[in-house]
Amino acid sequence: MTREFPTRVDVVIVGSGPCGAAYARILSEQAPDATIALFEVGPLLADPPGLHVKNIADPAVRAAAQRASQGPAPRDQDSDTMSGYADPDDRLVRPGTFLLPDGYRQPGEDGLPGAAMSSNVGGMGAHWTGACPRPGGAERPDFVPGLEELLSEGERLLGVDAHAFDDAPFADDVRKRLGAALDPGRADDRQVAPMPLAVARQADGRITWSGSDVVFGETTRSNSHFTLVPEALVTSVVIAGGRAAGVRVRDQRDGVEHEVAARHVVVAADSLRTPQLLWASGVRPAALGRYLNDQPQIVFAVRLRDVDARAGVETGTGQTGIVAQSGVSWVPYTDDAPFHGQVMQLDASPVPLAADDVPAPGTIVGLGWFCAKDIQATDHLEFDDHALDGYGLPAIRIHYRLTERDHASIAAAHDAIRAAADALGEPLDRDPLDLAPGASLHYQGTVRMGSVDDGTSVCDPSSQVWGVPGLFVAGNGVIPTAIACNPTLTSVALAVAGARAIAADLTSTGTASSTAAGTSISREN
Ligand code: FAD
């Protein structure tokens, strides 16, 4: 059956991850008369749209949802585990994601063998861990007006809570030990703390993970001017008279192409595919795809010293129990210790156990330390106009090298993670493990924001592409700094600023629904 696509809206959003959803939510709140169409290439996994797959109780249904998120060539078999994840020679792949099939490493370069994406309603936000730390020190883009308030808005949209695991039996021990070793000299807001997580504890005690469903919220779901169209690939942004004028979108169900006119287009299609779509649309500023940065990640595992193993409770195999024993602890980035550290129960972390090692629940914790990349313009995405990817868009080739400063930073992170591990207990391995570049899944910089249009950035502080009025970009690619912490909260905060700018423009100039009465959009699944 052919679906009806709108012909004209006020705002088109491309991509339904947390950042695209943030635009839909803020616009629904601040410009309720505006007509909005959100196109998502991946399928709808669950109801409500954007639900985190960890909230799907049935393991078979959850596994099917993860497989459905794997893009144009889903794997035949998948597991609900992270097996193989720690081998740096393997290309790491996590449930719900798929790897860039080729072009991830050029001869003589490090590349990003772990470069991955998700294609589904909710994007990677249907599969993520939900760690939402605020950036600190040099991580923060200093030219963004009102960043603190924007981060608070991001926390509201994502439903961030730092205390959901306060009753985890080993959480206090973990934090006290880390704090005693690492807090001296740190500012109050950069001391070891519970990790702010996008989770909620329900009345029955269950923990649920925030996905785009939480970001959309009831306000978006009940907005009769909002339409979400899954399995709809945006193939280009239409530029007319030098400004964004709409999109071309292909219905993946029947292959029919549609053109949808819009006054504002927001491309929130992840850090690899947002610049790809701009390139495919002929929008090719000098900084497009450049300054690519991924956070080198180091992992280690520790058996907690002197804890009462009987305090741990079996949580079964359901993913909703993964951090119930030791919570998630946060060692914040500082300019003096420029690493972001997180410590969590091992089954939530990628370090493998020996087959015969059956720990008491929660007594083994995994440590993950993320480094800030030494940002280089030469680390970039190249788009091939003659070779196409699985969706028929210009194929992506990654150019990426770790510099001498990166190698020094990784060596320093080894020392830092070892110090944290020693504070907690006995390390299980002799040495920390470096994950393959790209494994962090935190790719930044490819459509970066800047304070002036000097050729080193793609968009202004409101995320509007320099020189292309009406075209906005969103996602981790917008982040201009070398942040080491998990980036989604920062990206959602920057999306809030962009959405407010669009809402202000629509409010001052009038929306399509008020100027072209009768345009109605039905909810489309
Ligand atoms: P995405 O969530 O990637 O969504 C982009 C969407 O755009 C996708 O659904 C895609 O299908 C769609 N799209 C792409 N191209 C097109 C097109 N041409 N037409 C239509 N649709 C298109 N981050 C953290 O901050 N903290 C964490 O703890 C954390 N843990 C993670 C754990 C895992 C296992 C994974 C997989 C990710 C994790 N992340 C974490 C990363 C986090 O999920 C991403 O930062 C976040 O989802 C980015 O949001 P986004 O909206 O920018 O992009």
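In short, a report on the structure. (Residues numbered from 1 in each chain as written. Predicted model: local features only at pLDDT ≥ 70, side-chain atom pairs only at ≥ 80, totals over all residues. Heavy atoms only, no water.)

**Points about the overall build of the protein**
Right, on to step 1. The number of helices and strands found in the protein is nine helices and 22 strands.
Right, on to step 2. The burial tally for the protein puts 60% of its 525 residues in the buried class.
Right, on to step 3. The long-range fraction of contacts in the protein, counting pairs at least 24 apart against all pairs at least 6 apart in sequence, stands at 74%.
Right, on to step 4. Accessible area of the protein: about 19600 Å², with a carbon and sulfur share of 51%. (Helix = DSSP H or I, 4+ residues; strand = E, 2+ residues; numbered from the N terminus. Buried < 20%, exposed > 50% of the residue type's maximum accessible area, 1.4 Å probe, protein only. Contact = heavy atoms within 4.5 Å. Areas by Shrake-Rupley, 256 points an atom, 1.4 Å probe, with all protein chains shown as cover.)

**Quick word on the layout of surface pockets**
Right, on to step 1. Considered as a void within the structure, the second largest pocket measures approximately 330 Å³ in volume.
Right, on to step 2. Taken together, 18 residues make up the lining of the second largest pocket; nearest its centre are P72, F98, L99, P101 and G390.
Right, on to step 3. Counting residues per element, the ones that place at least two in the lining of the second largest pocket are β3 (98-99) and β18 (394-399).
Right, on to step 4. With three residues, β18 is the single largest residue contributor to the lining of the second largest pocket. (1 Å grid on protein atoms, 1.4 Å probe; cavity = no way out; pocket = protein on both sides within 12 Å on 5 of 7 lines; lining within 4 Å. Points joined across faces, edges and corners; volume = space filled by probe spheres on them.)

**Focus: the packing of helix α1 (residues 18-30) against helix α3 (residues 147-158)**
Right, on to step 1. In contact at an axis separation of 11 Å, α1 and α3 are set at 95° when each is read in the N-to-C sense. Taken as axis vectors, α1 and α3 run roughly perpendicular relative to one another. Across the interface between the two elements, P18, A22, R25, I26 and E29 from α1 touch E153, R156, L157 and L158 from α3.
Right, on to step 2. Grouping the constituent residues of the contact of α1 with α3 by class yields five nonpolar, no polar and four charged. (Axes fitted to C-alpha atoms, helices over the stretch in contact; angles between N-to-C directions. Parallel < 35°, antiparallel > 145°, perpendicular 65-115°, else oblique. Nonpolar A, V, L, I, M, F, W, Y, C, P; charged D, E, K, R; others polar.)

**As for the environment of A73**
Right, on to step 1. On the secondary structure map, A73 appears in the loop between α2 (59-68) and β3.
Right, on to step 2. Separated by 25 residues in sequence, A73 and F98 have C-alpha atoms that sit 8.5 Å apart.

**Describing the pairing of β18**
Right, on to step 1. Counting buried positions along β18 gives five out of six residues, so the element sits mostly inside the fold.
Right, on to step 2. Bridge count between strand β17 (residues 380-388) and β18: six bridges; the pairing is antiparallel. Looking at the pairing, E382 lines up with R397 of β18.
Right, on to step 3. The turn linking β17 back onto β18 is made up of five residues, and G392 within it adopts a positive phi angle of 85°. (Pairing = 2+ DSSP bridges.)

**Things to note about the site of the ligand**
Right, on to step 1. Every one of the 35 residues lining the ligand counts as a neighbour, but E40, M124, A131, N476 and T488 are closest to it.
Right, on to step 2. A distance of 3.3 Å separates an oxygen atom of the ligand from a polar atom in the backbone of G125.
Right, on to step 3. The contact in question runs from an oxygen atom of the ligand to an N or O atom on the backbone of G130, over 3.2 Å.
Right, on to step 4. Look at the ligand: alone it shows 1000 Å² of surface, and the protein chains cover 96% of it.
Right, on to step 5. If you list the elements that add at least two residues to the shell around the ligand, you get α1, β9 (232-240) and α6 (270-280).
Right, on to step 6. Counting residues per element, the shell around the ligand draws most heavily on β9, which supplies three residues.
Right, on to step 7. Here the shell around the ligand is composed, by residue class, of 15 nonpolar, 17 polar and three charged. (Near = heavy atom within 4 Å. Polar contact = N/O pair within 3.5 Å; in protein donor to acceptor, adjacent residues only side chain to side chain.)

**Looking at the pattern of salt bridges**
Should their charged atoms come close, side chains of opposite charge can pair.
Right, on to step 1. Counted according to the given criterion, the structure contains 25 salt bridges.
Right, on to step 2. For the salt bridge of R273 with D270, the shortest nitrogen-to-oxygen distance reads 2.9 Å. Of the two residues, R273 and D270 both sit in helix α6, three residues apart, roughly one turn of that helix.
Right, on to step 3. Overall, the relative accessible area of 25% leaves D270 in the partly exposed class. (Salt bridge = Lys/Arg side-chain N within 4 Å of Asp/Glu carboxyl O.)

**Description of the environment of P95**
Right, on to step 1. With respect to the secondary-structure elements, P95 resides in the loop between α2 and β3.
Right, on to step 2. Residues P95 and A65, 30 residues apart in the sequence, show an inter-C-alpha distance of 9.5 Å.

**Looking at the nonpolar core**
Right, on to step 1. Formed by 78 residues in total, the largest nonpolar core has its most connected members in V12, Y23, F39, V265, V267, L278 and L471.
Right, on to step 2. If you tally residues by element for this core, the top one is helix α8 (residues 488-509), at eleven residues.
Right, on to step 3. Ignoring any residue separated from it by four or fewer positions in sequence, one finds L471 in contact with V237, I239, A244, V265, V267, L278, V283, S463, Q464 and V465. (Core = buried A, V, L, I, M, F, W, Y, C linked by side-chain atoms within 4.5 Å.)

**Description of empty space enclosed by the protein**
Right, on to step 1. In this structure the tally under the stated criterion is three cavities of 30 Å³ or more.
Right, on to step 2. Estimates place the volume of the largest cavity at around 50 Å³.
Right, on to step 3. What lines the largest cavity is A162, H163, A164, F165, D166, R175, P194, M195, L197, G327 and V328.

**Description of the packing of α1 against α8**
Right, on to step 1. Their axes nearest at 8 Å, the elements α1 and α8 cross at an angle of 35°. For α1 against α8, the interelement crossing comes out right-handed. Only T488, S491, V492, A495, V496, G498, A499, R500, I502, A503, L506 and T507 of α8 make contact with α1, whose side of the interface consists of P18, C19, A22, Y23, I26, L27 and Q30. (Left-handed = near helix turned anticlockwise from the far one by under 90°.)

**A few points about unusual backbone geometry**
Right, on to step 1. Looking along the chain, the bond that leaves D47 and enters P48 is cis, with omega of 0°.
Right, on to step 2. By the element assignment, P48 lies in the loop between β2 (36-39) and α2.
Right, on to step 3. Its identity as a non-glycine residue notwithstanding, D270 has a phi of 80°, on the positive side.
Right, on to step 4. Of note in this structure, S463 is not a glycine but carries a positive phi near 75°.
Right, on to step 5. Along the polypeptide, S463 turns up in the loop between β21 (443-444) and β22 (471-473).
Right, on to step 6. Accessibility expressed as a relative area gives 2% for S463, which makes it buried.

**Section: the pairing of β9**
Right, on to step 1. Summarising burial for β9: seven of the nine residues are buried, a large majority.
Right, on to step 2. Bridge analysis of β9 against strand β10 (residues 243-251) gives eight bridges, and the strand direction is antiparallel. For A232, the partnering residue across the bridge sits in β10 and is D251.
Right, on to step 3. In sequence, β9 turns back onto β10 through a hairpin of two residues, with G241 there showing a positive phi of about 60°.

**Brief notes about the side chain of S409**
Right, on to step 1. In this fold, S409 is placed in helix α7 (residues 404-424).
Right, on to step 2. The exposure class of S409 is buried, given its relative accessible area of 17%.
Right, on to step 3. The residues touching S409, leaving out its near neighbours within four places in the chain, are F339, C371 and A372.

**Points about α3**
Right, on to step 1. Helix length check: α3, at twelve residues, gives a terminal C-alpha distance of 16 Å against a target of 16 Å (1.5 Å per residue), a fit within 8%.
Right, on to step 2. Of all the residues in α3, the buried ones are L147, L150, L151, E153, G154, L157 and L158. Buried positions in α3, seen along its axis, are confined to an arc of 160° and lie on one side of it.
Right, on to step 3. Buried residues belonging to α3 abut α1, α5 (212-221) and α8.
Right, on to step 4. G159 occupies a position one or two residues after α3 and carries a positive phi of about 65°. (Expected span 1.5 Å × (residues − 1). Arc of directions from axis to C-beta.)

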